[in-house]
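# Results of the structural survey
Listed below are the residues making up each chain.
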Amino acid sequence: MKKAVERGRNGKRGAHVTLSDVAKKVGVSPITISRALRNPQIVSEDLREVILRTVEQMGYIPNLAARALAGRHNGIVGVLTPALHQYGFTGLMVGIEDRFRDTELTVQYSNTLRHAEGEAGLLKSFLTQKPAGVIIAGAESYRDLLPLIERAACPIAHITDLSQEPQRLVVGLDHYTAGAEPTRFLLSRGYNRIAFFGRGADVRSRRRIEGYEAVMRDAGRFDPDLIIGGEAASRTGLGRELFSRLLQRVPDVDAVFAQSDELALGVLIECKARGIRVPEDLGICGFNDLEFSAFIEPSLTTVHIPRYDIGYRVADMLLRAVRDEPADEDKADLGFTIIPRGSTR
C-alpha cells in the first residue's frame, strides 16, 4: 500500500494522486491548479497545457465532493430523462453535450423510464450532490417536482410540452399541435380512416392523441377503434403486431400516424408481407425523423423534431444561468416540421 502511494506521489499513475502532487510537479500552488481545472480560461494557454498534460500523466482524479464543499457546486449538470434508452433521445444528448463541451461543466444522466413516482426522488438525489444545475428532459408530472425546484440552490432548466408548468428556462414544443397538424396533412392527401399508433404512455404522447382526436372529430372521421397501442420488446415488431390487430377490427383503415419511426417501419414491413401498396392503399406517417426514415423504400413521411437544437438550447440556457449571465429568453418553442416522403400520396 505504501509503495502504491509513493508511486502516485512520484508522478506515476495512481488512485492516490492529490492536487498538491500535481501542483508540486507543475511548480505552482494547489489553488492555481484547482482554479485552472474549474475555469481553464483564467490561466495562460502555455500553463494550461502543462497542467492538463500533468493531470493526464499522473492520473489525477478531482474530488467532486471536496470541490462542492469548497465552492458553489461540484461542476456537474444532472440530466433527468425518461427515455435514455430510446433512439430519439440521442439527438438531445448530443446537443446538450456539445454545448457543455469545452466548458467547466460535465454531464451526468439519470433515467426515470417514465415512472412519474420516481422523478422527485431522482431530482432530490441530484440536488444533494450540490450540482451546478439540472436539466429535466421530459417530466411526466411537476406536482412533486415544483416544491423541490422552488427550493433548489442551483438553476433548473426544462425540456417540456409547452402546456406544462415551468415558465422559466424552458425549451420544447406544443405536442397537441404536433398531433393535430400531421393528422390534417394526412386528410389533405385524401386519407380518411386514419389510425393513431401509440399508448399515451407519457404526457407528450397523450397531448398528441388529443390533437389527433380533435382534428378527426372536426372532420367527422373520429372512431375510437382507430387508436391502438401495446407493449413489445421491439418497437418495429410492435408496429407489425398493432397493424395486424388493427386490420382485424378496422379493415378499411387507409392511413397510420405512428408515434415513432420504428412503429411506422413495422407497419411498412407488414404491408409488404400482405401485399398492401404504400402509399396507394395505405399512407404511413412516422414521428422523430430518425436517420433510416429517408433511406427505406418507400421513404417514410415523418415529423421532424429538432432534438439536437432543443438539447443545445436548453444547455445554453442553463449554462448562462450557472454563470449568472443574462438569458436571451425564458421560454423557447422550437416546433416541428412535417417531412413528406414516399409513404404518403
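These lines cover the structure that appears in this document, whether it is placed above or below. Just so we're clear, the structure is a prediction, and the values are computed from it rather than from any experiment.

### Quick word on a nonpolar patch on the surface
On the surface, a cluster of nonpolar side chains totalling about 240 Å² of accessible area is made up of V94, Y308 and Y312. You can see V94 is positioned in helix α6 (residues 90-100).

### Observations regarding the packing of aromatic side chains
Per the stated rule, a full pass over the model turns up three aromatic pairs. Ring geometry for F196 and F257: centres 5.6 Å apart, planes at 80 degrees, overall edge-to-face. With F196 in strand β6 (residues 194-197) and F257 in strand β8 (residues 255-258), this residue pair connects regions lying 61 residues apart in the sequence. According to the relative accessible area criterion, F196 is buried, its value standing at 0%.

### Some points on the sheet that holds strand β7 (residues 227-228)
The strand order across the open sheet formed by four strands is β7-β6-β8-β9, and the pairing between neighbours is parallel. Edge strands, defined here as strands with exactly one partner in the open sheet, are β7 and β9 (283-285). Here β8 pairs with β9 via three bridges, running parallel. Residue pairing in the sheet places F257 in a bridge with C285 of β9.

### So, the nonpolar core
Among the nonpolar cores identified, the biggest contains 63 residues, and F100, I135, F197, F243, L246, V253 and V256 are the most heavily contacted of them. Of the residues forming this core, the biggest block, eight residues, is contributed by helix α13 (residues 307-322). Ignoring sequence-local partners within four residues, the contact set of F197 consists of I228, G239, L242, F243, L246, V256, F257, A258, Q259, L263 and V267.

### Points about unusual backbone geometry
For the bond from V278 to P279, the omega torsion is 15 degrees, close enough to zero to count as cis. The omega torsion of the bond from E297 to P298 falls at -5 degrees, within 30 degrees of zero and hence cis. The backbone of K130 shows a phi angle near 55 degrees, a positive value even though the residue is not glycine. You can see K130 is positioned in the loop between α7 (116-128) and β3 (133-137). Non-glycine residue D289 carries a positive phi angle of around 55 degrees. Looking at the element boundaries, D289 is found in the loop between β9 and β10 (302-304).

### What about the packing of helix α11 (residues 235-249) against helix α12 (residues 261-274)?
Where α11 meets α12, the closest approach of the two axes is 6 Å, and the angle between their N-to-C directions is 55 degrees. In terms of orientation, α11 and α12 fall into the oblique class. In terms of crossing hand, the pair formed by α11 and α12 is right-handed. Counting all contacts with α11, which are made through R235, T236, L238, G239, R240, L242, F243, S244 and L247, the residues of α12 involved are E262, L263, L265, G266, V267, I269, E270, C271, A273 and R274. Across the contact of α11 with α12, the residue classes tally to ten nonpolar, four polar and five charged.

### What to know about the packing of α6 against α13
Interhelical geometry of α6 versus α13 gives an angle of 35 degrees and a closest axis separation of 7 Å. The element α6 and its partner α13 pack so that their crossing is right-handed. Along its contact with α6, which presents G91, L92, V94, G95, I96, D98, R99 and F100, the element α13 presents R307, Y308, I310, G311, Y312, V314, A315, D316, L318 and L319. In terms of residue class, the contact of α6 with α13 is made up of eleven nonpolar, three polar and four charged.

### Here we look at the pattern of salt bridges
In total, this model carries 21 salt bridges according to the counting rule given. In this structure, D202 engages R204 in a salt bridge whose closest nitrogen and oxygen atoms are separated by 3.8 Å. Exposure class is identical for D202 and R204. Each is buried. For the salt bridge of D281 with R277, the shortest nitrogen-to-oxygen distance reads 2.9 Å.

### Comments concerning α6
Buried residues of α6: L92, G95, I96, R99 and F100, and no others. Taken around the axis of α6, the buried residues stretch over an arc of 125 degrees, which confines them to a single face.

### Structural notes on the sheet that holds strand β2 (residues 106-111)
The parallel open sheet is built from six strands, whose spatial order is β2-β1-β3-β4-β5-β11. Because the sheet does not close on itself, it has two edges, and the strands there are β2 and β11 (331-333). Between one strand and the next, the sheet's axes are offset by a mean angle of 15 degrees, whatever the strand orientation. With four bridges connecting them, β3 and strand β4 (residues 156-161) associate as parallel partners. For I136, the partnering residue across the bridge sits in β4 and is H158.

### Here we look at the pairing of strand β1 (residues 76-81)
Burial runs high along β1: six of the six residues are buried. The sheet contact formed by β1 and β2 spans six bridges and is parallel. For T81, the partnering residue across the bridge sits in β2 and is N111. You can see the chain leave β1, run along α6 and come back into β2, and the turn it takes is right-handed. In the sheet, β1 pairs with β3 via four bridges, with the strands oriented parallel. If you follow G78 over to β3, its bridge partner there is V134.

What counts and what doesn't
Counting starts from 1 at the beginning of each chain's written sequence and moves along it residue by residue. The predicted nature of this model means local features are confined to residues of pLDDT at least 70 and side-chain atom pairs, given and counted, to a pLDDT of 80 or more, with totals for whole chains, interfaces and linings taken over all residues. Hydrogen atoms and water are omitted, and side-chain values are computed over all heavy atoms in the structure. For patch detection, residues must exceed 30% relative accessible area and be free of salt bridges, and they are connected within 9 Å for like charges or within 5 Å for nonpolar side chains (Val, Leu, Ile, Met, Phe, Trp, Tyr). For the accessible areas, the method is Shrake-Rupley and the probe is 1.4 Å, while residue cover comes only from the protein chains on display. When a carboxyl oxygen of Asp or Glu is within 4 Å of a side-chain nitrogen of Lys or Arg, the pair counts as a salt bridge. Numbered from the N terminus, helices here are DSSP runs of H or I no shorter than four residues, and strands are runs of E no shorter than two. We call Phe, Tyr and Trp rings a pair once their centres come within 6.5 Å, taking the six-membered ring for Trp, and we label the pair stacked below 30 degrees between planes, edge-to-face above 60, and tilted otherwise. For each residue, the accessible area found with a 1.4 Å probe, counting protein chains only, is set against the maximum for its type, and the residue is called buried under 20%, exposed over 50%, and partly exposed in between. At least two bridges found by DSSP between two strands is the condition for calling them paired. We define a nonpolar core as any set of buried Ala, Val, Leu, Ile, Met, Phe, Trp, Tyr and Cys residues linked to one another through side-chain atoms lying within 4.5 Å. Between two residues, a contact is recorded if the distance between any of their heavy atoms is within 4.5 Å. Only the contacting stretch of a helix is used when fitting its axis, a line to C-alpha atoms as for every element, and angles between N-to-C directions run 0 to 180 degrees. Between 65 and 115 degrees an angle is taken as roughly perpendicular, under 35 as roughly parallel, over 145 as roughly antiparallel, and anywhere else as oblique. It is the rotation of the near helix from the far one that decides the hand of a crossing: anticlockwise by less than a right angle makes it left-handed, clockwise makes it right-handed. Ten residues, namely Ala, Val, Leu, Ile, Met, Phe, Trp, Tyr, Cys and Pro, are considered nonpolar, four, namely Asp, Glu, Lys and Arg, are considered charged, and the remaining ones, Gly among them, are considered polar. It is the directions from the helix axis to the C-beta atoms that the arc portrays. With the strands pointing away from the viewer, any crossover whose connection runs clockwise from the first strand over the helix to the second is right-handed.

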